[in-house]
Amino acid sequence: MNKHSSLRSASDLEASGLISSAERLDIEEVARRFSVAITPAMTDLIAGSPQDDPIAAQFVPTGRELISSPDELSDPIGDDAFSPVKGIVHRYPDRVLLKPLHVCPVYCRFCFRREMVGPEGEMLAGGELDAALAYIAGNPAIFEVIITGGDPFALSPRRIGRIVKALSAIDHVGVIRFHTRVPVVAPERITDELIESLDSPKGVFVALHANHVRELTPAAREACTRLVKAGIAMVSQTVLLKGVNATAEALSALFRALLGLRIKPYYLHHGDLAKGTSHFRTTIAEGQAVMRQLRGSLTGLGQPTYVLDIPGGHGKVPIGPGYLDDGENGPVVTDPCGNRHDYRG
Ligand SMILES: *Cc1c(COP(=O)(O)O)cnc(C)c1O
Ligand code: SF4
């Protein structure tokens, strides 16, 4: 097999030694339900099995994905309920999601849109994209357009440029935000042409999805640096994942590395109730304990907000931990060590 192509099937994975022949039948079944792809950049980083390597755990399918708990959902964050036109999700008055495609260069085993993303997921056709852009142009309350998918940086620079140009021409749009894993999983796609396609008088943000410090390879770092040097503001989002990053040590290392690249940690997502992902999910109490440790040990610049997308499409909210509650004599504040203090103000 060509070392420089992505792995996309059980037989690719077996040929590259990432799964054993004993696992093959299970993995074929997983691949019928959920898309599989691992880019060369991520294949090169894998240093163990999904049970012991945080990179393998994110991308190499396992039989555990065939286990669905009854509370897991096909559309865990409820995108479908808020889609006024194809390709748009409008849940909050001031911002919309624009999803021009469903393809990603890698398919993460914990993905919250795992039943919607995939290589056969179609791209918005020209007319549909125009209709989505017209919806944004016709709604003056929309301040921000969040371009997601799929992974929007899987589009050609020419298509990205067309979208950026169209959005830049809309007066009430102030911010254009891309959500992507490409700088990490396929850094070679961050070409001069792609960077030029992002040029706009608006506030252009790139939210990088990164879950482990080892993802920030020299090539990934260089790709991010090129974006930042081009004047693009970068933030990061991370999914809290058992077996990948659910400790204060792992997250501190990641957030410090991101800050060093001038990328501000933005959100830490609690694992969504996507089908076949229970082995990745922590409890909310475990997530809060990790956040409390981070508060006491990591610069404030490195603190993301810990958020939950409420199942059913009810929105994203911070889920703590809380540091303030009511005591007998008024407010009580808990410090990062867990000591409680009365506050009289
Ligand atoms: C997450 C999300 C957003 C963006 O939310 P922010 O809190 O602004 O990052 C917007 N729309 C939908 C539907 C979302 O799920
Ligand atoms: S890149 Fe994002 S949308 Fe694509 S599979 Fe991974 S988590 Fe899902």
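Residues numbered from 1 in each chain as written. Chains lettered and ligands numbered in written order. Predicted model: local features only at pLDDT ≥ 70, side-chain atom pairs only at ≥ 80, totals over all residues. Heavy atoms only, no water.

For the chain, the name recorded in an unreviewed UniProt entry is Lysine-2,3-aminomutase-like protein, with Labrys neptuniae as its organism. As stated in UniProt under Sequence similarities (unreviewed entry), the record for the chain gives "Belongs to the radical SAM superfamily. KamA family." (UniProt positions renumbered as here; feature names shortened; annotations may be inferred.)

Along the backbone of the chain there are eleven helices and twelve strands. In terms of overall size, the chain behaves like a compact globule, its C-alpha atoms giving a radius of gyration of 21 Å where 345 residues would be expected to give roughly 20 Å. Seen through its principal axes, the chain has C-alpha atoms that stretch 65 × 55 × 40 Å. Counting all 345 residues of the chain, 51% fall into the buried class. Within the structure as shown, the chain displays about 15200 Å² of accessible surface, and the carbon and sulfur contribution to it stands at 54%. (Helix = DSSP H or I, 4+ residues; strand = E, 2+ residues; numbered from the N terminus. Rg over C-alpha atoms; globule rule 2.2 N^0.38 Å. Buried < 20%, exposed > 50% of the residue type's maximum accessible area, 1.4 Å probe, protein only. Areas by Shrake-Rupley, 256 points an atom, 1.4 Å probe, with all protein chains shown as cover.)

This paragraph deals with the UniProt feature "domain: Radical SAM core" (unreviewed entry) in the chain. According to UniProt, the positions carrying the feature "domain: Radical SAM core" (unreviewed entry) are residues 90-301. End-to-end, the C-alpha atoms of residues 90-301 are 30 Å apart, and along that stretch the chain is 34% helix and 18% strand.

Right, let's talk about the pairing of strand β4 (residues 175-180) for a bit. Counting buried positions along β4 yields six of six residues, so the element is predominantly enclosed. Both faces of β4 are covered, namely the face carrying Val175, Arg177 and His179 and the face carrying Ile176, Phe178 and Thr180. Relative to β4, strand β3 (residues 144-147) is paired through four bridges, and the arrangement is parallel. Bridge pairing in β4 places Ile147 opposite Phe178. Assessed by its sense of winding, the connection that carries the chain from β3 through helix α6 (residues 157-168) to β4 is right-handed. (Pairing = 2+ DSSP bridges. Right-handed = clockwise from strand over helix to strand, strands pointing away.)

Below, the discussion takes up the site of ligand 2. The environment of ligand 2 is made up of Cys104, Val106, Tyr107, Cys108, Cys111, Arg181 and His209. When the residues that make up the shell around ligand 2 are grouped by side-chain class, the tally is five nonpolar, one polar and one charged. (Near = heavy atom within 4 Å. Nonpolar A, V, L, I, M, F, W, Y, C, P; charged D, E, K, R; others polar.)

Residues in contact with ligand 1, as listed here, are Val89, Arg91, Tyr92, Arg95, Leu97, Ile146, Arg177, Tyr266, Tyr267 and Lys316. Tyr266 has a polar side-chain atom sitting 2.6 Å from an oxygen atom of ligand 1. With the chains in place, 91% of the 390 Å² that ligand 1 exposes on its own is no longer accessible. Within the residue set of the shell around ligand 1, elements represented by two or more residues are β1 (88-92), β2 (95-98) and β7 (263-269). At three residues, the largest contribution of residues to the shell around ligand 1 is made by β1. For the shell around ligand 1, a count of residues per class yields six nonpolar, no polar and four charged. (Polar contact = N/O pair within 3.5 Å; in protein donor to acceptor, adjacent residues only side chain to side chain.)

What follows covers the sheet that holds β7. Remark on secondary structure: sheet strands pair via backbone hydrogen bonds, oriented parallel or antiparallel. What the nine strands build is an open sheet, ordered β1-β2-β3-β4-β5-β6-β7-β8-β9; its pairing is mixed. Where the open sheet ends on each side, the last strands, each with one partner, are β1 and β9 (316-318). Between one strand axis and the next, the sheet turns through 25° on average, direction left out of account. Those strands touched by helix α10 (residues 248-260) are β5 (203-209), β6 (233-239) and β7, and its axis lies near 145° from that of β7. Contacts between helix α11 (residues 284-297) and the sheet are confined to β7 and β8 (305-309), with β8 contributing the most and set at about 165° to the helix. (Axes fitted to C-alpha atoms, helices over the stretch in contact; angles between N-to-C directions. Contact = heavy atoms within 4.5 Å.)

This next bit is on the sheet that holds strand β11 (residues 330-334). Reading across the sheet, the three strands line up as β10-β11-β12 and stay open at both edges, with antiparallel pairing between neighbours. Among the strands making up the open sheet, the edge pair consists of β10 (324-327) and β12 (340-342). Here the average twist between neighbouring strands, direction ignored, is 35°. Of the pairings in the sheet, the one linking β10 to β11 comprises four bridges and is antiparallel in character. Along β11, the bridge assignment pairs Gly327 with Gly330.

Our next topic: the packing of aromatic side chains. The final tally for this structure, using the stated rule, is three aromatic pairs. Aromatic side chains Phe110 and Phe280 sit 5.8 Å apart centroid to centroid with 85° between the ring planes, which places their arrangement in the edge-to-face category. Taken together, the positions of Phe110 in the loop between β2 and α5 (126-137) and Phe280 in the loop between β7 and α11 put the pair 170 residues apart, joining distant regions of the chain. In this structure, Phe110 and Phe280 share a single accessibility class: buried. Residues Phe153 and Phe178 carry aromatic rings whose centres are separated by 5.2 Å and whose planes lie at 40° to one another, so their mutual orientation is tilted. Placement of Phe153 in the loop between β3 and α6 and of Phe178 in strand β4 is noted, with a sequence separation of 25 residues between them. Classification of Phe178 as buried rests on a relative accessible area of 2%. One Lys or Arg, Arg91, reaches over the ring of Phe82 and ends 5.7 Å from the middle of that ring. Directly above the ring of Tyr92 sits Arg95, whose terminal nitrogen or CZ lies 4.1 Å from the centroid. (Phe/Tyr/Trp six-rings, centres within 6.5 Å; stacked < 30°, edge-to-face > 60°. Lys NZ or Arg CZ within 6 Å of the ring centre and 35° of its normal.)

Locating Asp199 in the fold gives a position in the loop between α8 (192-197) and β5. Through-space distance from the C-alpha of Asp199 to that of Ile232 is 8.7 Å; in sequence the pair is 33 residues apart.

To continue, consider unusual backbone geometry. A cis amide bond links Gly149 with the next residue in sequence, Gly150, at an omega value of 10°. Checked against the element boundaries, Gly150 lands in the loop between β3 and α6. The linkage connecting Gly320 with the following residue, Pro321, adopts the cis geometry, with an omega of 5°. Here Pro321 shows up in the loop between β9 and β10. Phi is positive for Arg262, which is not a glycine, with a value near 65°. With respect to the secondary-structure elements, Arg262 resides in the loop between α10 and β7.

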